[in-house]
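Notes for the structure review
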Amino acid sequence: ARHKKAFMSLNSSASSHPPYFLLTGIPGLEKEQFWIAFPFFIMYAIAVLGNITLLLVIKTDPSLHEPMYLFLAMLAFTDLVLSTSTLPKMLAIFWMGSGKIGFVSCLVQLFFIHTFSSVESGVLMAMALDRYVAICRPLSHSSILSVTVVVALGAMVLIRGVLLVTPTCFLLHRLSFCQHHIISHSYCEHMAVAKLSCGDTRDNAIYGLFVALLVVGSDTILITVSYTLILREVMRSPTEARRKAFSTCVSHICVILAFYVPALFTFLTHRFGQSIPPHIHIMVANLYLLVPPTMNPVIYGVRTKKIRDRVLLLL
């Protein structure tokens, strides 16, 4: 009887999941989506080409096997996964109206998006720590941030993302959706999917808030402290050294702002921004996963002389 009850409960849970979800794209801009897809496609092409070029240049040049460039390679790989997890499906919605996505496929997409968003945040934090050590403790840089330490940091950031995001998939899987299957979004996002449920989603909301505050909170605090110490050290340096340090840090700050500003806007809008028009919210959410992967290789390719020289040589 106990086994029968468990089987019926499992069967009931499975039947409460719709066979597929329907992604609508950008609510309110359905007629304009066809044309919006063209700049999105161009940005995606730049992101793929730029990040693959960065990975190839760093891999093939032994002189670039230093902490800064290894972290940059991690960032490029993360950007490739983030953009590729969303853009092909998004373009299919915009150009062909193909918004159908299976329940399991939706959870897989959601897992990759949230895991590698966490990874990107962690890599940006690691890059800020690298800049702090390079500028404030230059003589100890090679001993503190050896290749082994860099690889360990990268592995820890990835494991953190996997461990924190995996429970969200289980929390969603246990929900009943009562045949509600239309997601007013361009991709599967945790709370966008949870809001379709006819059950209690407080656990999802609380856990999502906990993960966001843990990841973004800890990473932004470490980034802020690192750059505050860097700024204090730079202001004591001679003029030429100060100019060079500022030039390096400006690139990192641009990348950090391009990632965190739309990420925070999207996170806060999901929970507290009911007055913000849906098309603005979804458009910013789309750009949050597309702008950083597009900008990062351009910023680092243009502003980092060693990479710029290698790319020109490759061309």
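Residues numbered from 1 in each chain as written. Predicted model: local features only at pLDDT ≥ 70, side-chain atom pairs only at ≥ 80, totals over all residues. Heavy atoms only, no water.

So, about the sheet that holds strand 2 (residues 100-102). If you trace the three strands from one edge of the open sheet to the other, you get 2-1-3, paired in mixed fashion. Every interior strand has two partners, whereas the edge strands, strand 2 and strand 3 (182-183), have only one. (Pairing = 2+ DSSP bridges. Helix = DSSP H or I, 4+ residues; strand = E, 2+ residues; numbered from the N terminus.)

Only one face of strand 1 (residues 20-23) is covered, namely the one carrying Phe21 and Leu23; the face carrying Tyr20 and Leu22 has none of its residues buried. Two elements, strand 1 and strand 2, share three bridges in a ladder whose sense is antiparallel. For phenylalanine 21, the partnering residue across the bridge sits in strand 2 and is isoleucine 101. Looking at chain direction, strand 1 and strand 3 are connected through two bridges and run parallel. Note on strand 3: the bridge partner recorded for leucine 23 is isoleucine 183. (Buried < 20%, exposed > 50% of the residue type's maximum accessible area, 1.4 Å probe, protein only.)

For helix 6 (residues 147-173), built from 27 residues, the straight-helix expectation of 39 Å at 1.5 Å per residue is met to within 8% by its first-to-last C-alpha distance of 39 Å. Restricting attention to buried positions, one finds in helix 6 the residues Val150, Gly154, Val157, Gly161, Leu164, Val165, Thr168, Cys169, Leu171 and Leu172. If you follow the buried residues of helix 6, they end up packed against helix 3 (67-96), helix 4 (103-136), helix 7 (190-194) and helix 8 (202-235). (Expected span 1.5 Å × (residues − 1). Contact = heavy atoms within 4.5 Å.)

The subject of this paragraph is the UniProt feature "transmembrane region" (unreviewed entry) in the protein. When the UniProt feature table is mapped onto this chain, "transmembrane region" (unreviewed entry) is found at residues 34-57, 69-95, 101-123, 144-165, 205-230, 250-268 and 280-302. Segment residues 280-302 splits into 91% helix and 0% strand. End C-alpha atoms: 31 Å apart. (UniProt positions renumbered as here; feature names shortened; annotations may be inferred.)

Here the focus is a nonpolar patch on the surface. A cluster of nonpolar side chains, namely Phe34, Trp35, Phe38, Phe41, Ile42, Ile46, Trp95, Met96, Val298 and Val302, defines an oily patch on the protein surface of about 1,000 Å² accessible area. Elements that contribute at least two residues to the nonpolar patch include exactly helix 2 (33-60), helix 3 and helix 11 (291-303). The greatest single-element share of the nonpolar patch, amounting to six residues, is contributed by helix 2. Along the chain, tryptophan 35 falls in helix 2. (Patch = residues over 30% accessible without salt bridge, like charges linked within 9 Å, V, L, I, M, F, W, Y side chains within 5 Å. Areas by Shrake-Rupley, 256 points an atom, 1.4 Å probe, with all protein chains shown as cover. Salt bridge = Lys/Arg side-chain N within 4 Å of Asp/Glu carboxyl O.)

To continue, consider the layout of surface pockets. Roughly 550 Å³ of internal volume is contained in the second largest pocket. Surrounding the second largest pocket, 26 residues form its lining, His114, Ala212, Val216, Phe267 and Tyr288 being those nearest its centre. Within the residue set of the lining of the second largest pocket, elements represented by two or more residues are helix 4, helix 6, helix 7, helix 8 and helix 9 (239-272). Considered class by class, the residues forming the lining of the second largest pocket number 15 nonpolar, nine polar and two charged. (1 Å grid on protein atoms, 1.4 Å probe; cavity = no way out; pocket = protein on both sides within 12 Å on 5 of 7 lines; lining within 4 Å. Points joined across faces, edges and corners; volume = space filled by probe spheres on them. Nonpolar A, V, L, I, M, F, W, Y, C, P; charged D, E, K, R; others polar.)

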